[in-house]
Amino acid sequence: TLAVIYASSYHEVSKTNREMLERYVELYSLEAQPGAGGHPDGRPDMGRHAPEDTPAFRLSTFYSVALSKNGEMLAADNDGRFVYDDEELAEIAREIADGGKEHGSRGSLMFLMADKGGYTLVAFMDNTVMQGSMATLFRYTCVFGGGAILLLFFLAIYLAKKIVKPLEESYRRQKQF
């Protein structure tokens, strides 16, 4: 039961993150990058009341690298953070593009590669917080679940002894008779 709870929680969080990353890729436009006359912060312009304008989407950290067909970096978006520099992101994106895998994860980054017509987009979503939360959930599941299992084990032994005691007494009397 504990393993199912953990696995389903992990699957649900991963699915939600994957859907947000897919939506980010869908909305991405090379023309909307800073300096290209698009959205000032480089994020895809989702409109004022778009369904993607949720706290989870807005608080998520996305990175992206647009690569030409010959592997040159056309644009990089590191979300205004300096966890990864543009060249580091470009190198990771090239490795992913060369590997041919369209989606997956690499370290704490979930990635999705898409052909956007004249260029290939490799988008990343930072899953550091999710991985930390899932590690905490796993620890608590092990600690409290293990404690509950031990408690139930000793309770079962105690109850089994109480249930068996009258039977043993009855058997002893029958043997004496």
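In the block above lies the structure referred to throughout.
Residues numbered from 1 in each chain as written. Predicted model: local features only at pLDDT ≥ 70, side-chain atom pairs only at ≥ 80, totals over all residues. Heavy atoms only, no water.

Relative to the assigned elements, Thr-141 resides in helix 4 (residues 128–176). For Thr-141, a relative accessible area of 16% corresponds to the buried category. Polar side-chain contacts of Thr-141 include one of 2.7 Å to the backbone oxygen of Leu-137. What Thr-141 contacts, discounting residues up to four positions off in sequence, is Leu-2 and Gly-146. (Helix = DSSP H or I, 4+ residues; strand = E, 2+ residues; numbered from the N terminus. Buried < 20%, exposed > 50% of the residue type's maximum accessible area, 1.4 Å probe, protein only. Polar contact = N/O pair within 3.5 Å; in protein donor to acceptor, adjacent residues only side chain to side chain. Contact = heavy atoms within 4.5 Å.)

Let's shift gears to the pattern of salt bridges. The full count for this structure, using the stated rule, is 7 salt bridges. With a closest N to O distance of 3.2 Å, Lys-69 and Asp-115 form a salt bridge. Of the two residues, Lys-69 is situated in the loop between strand 1 (62–67) and strand 2 (73–77) and Asp-115 in strand 4 (residues 109–115); the sequence distance between them amounts to 46 residues. The exposed category is assigned to Lys-69, whose relative accessible area is 55%. Asp-115 sits in the exposed class, given a relative accessible area of 56%. Taking the shortest distance from any N to any O, the salt bridge between Glu-91 and Arg-94 comes out at 3.8 Å. One end of the pair is Glu-91 and the other is Arg-94, both in helix 3 (residues 86–99) and 3 residues apart, which spans about a single turn. (Salt bridge = Lys/Arg side-chain N within 4 Å of Asp/Glu carboxyl O.)

What follows is about a nonpolar patch on the surface. Taken together, Leu-152, Leu-155, Tyr-158, Leu-159, Ile-163 and Val-164 make up a surface patch of nonpolar side chains, about 580 Å² in accessible area. Within the element layout of this structure, Leu-152 appears in helix 4. Residue Leu-152 is classed as exposed on the basis of its relative accessible area of 53%. (Patch = residues over 30% accessible without salt bridge, like charges linked within 9 Å, V, L, I, M, F, W, Y side chains within 5 Å. Areas by Shrake-Rupley, 256 points an atom, 1.4 Å probe, with all protein chains shown as cover.)

Across soluble globular proteins, you tend to see nonpolar side chains buried next to one another. Counting residues in hydrophobic clusters, the biggest one holds 17 residues, and the most contacted among them are Leu-21, Tyr-28 and Phe-62. Elements that contribute at least two residues to this core include exactly helix 1 (2–27), strand 1, strand 4 and strand 5 (120–126). By residue number, the principal contributor to this core is helix 1, which donates 4 residues. Listed in part, the 14 residues of the second largest apolar core include Tyr-63, Leu-89, Ala-90 and Ile-92. (Core = buried A, V, L, I, M, F, W, Y, C linked by side-chain atoms within 4.5 Å.)

Interaxial distance between helix 1 and helix 4 falls to 10 Å at its minimum, and their mutual angle equals 170°. On the basis of the axis angle, helix 1 is roughly antiparallel to helix 4. Counting all contacts with helix 1, which are made through Leu-2, Tyr-6, Ser-9, Tyr-10, Val-13, Ser-14 and Asn-17, the residues of helix 4 involved are Met-130, Met-134, Leu-137, Phe-138, Thr-141, Gly-145 and Ile-149. When grouped by side-chain class, the residues that make up the contact of helix 1 with helix 4 number 9 nonpolar, 5 polar and no charged. (Axes fitted to C-alpha atoms, helices over the stretch in contact; angles between N-to-C directions. Parallel < 35°, antiparallel > 145°, perpendicular 65-115°, else oblique. Nonpolar A, V, L, I, M, F, W, Y, C, P; charged D, E, K, R; others polar.)

Don't take any of this as a statement about function, it's just geometry.
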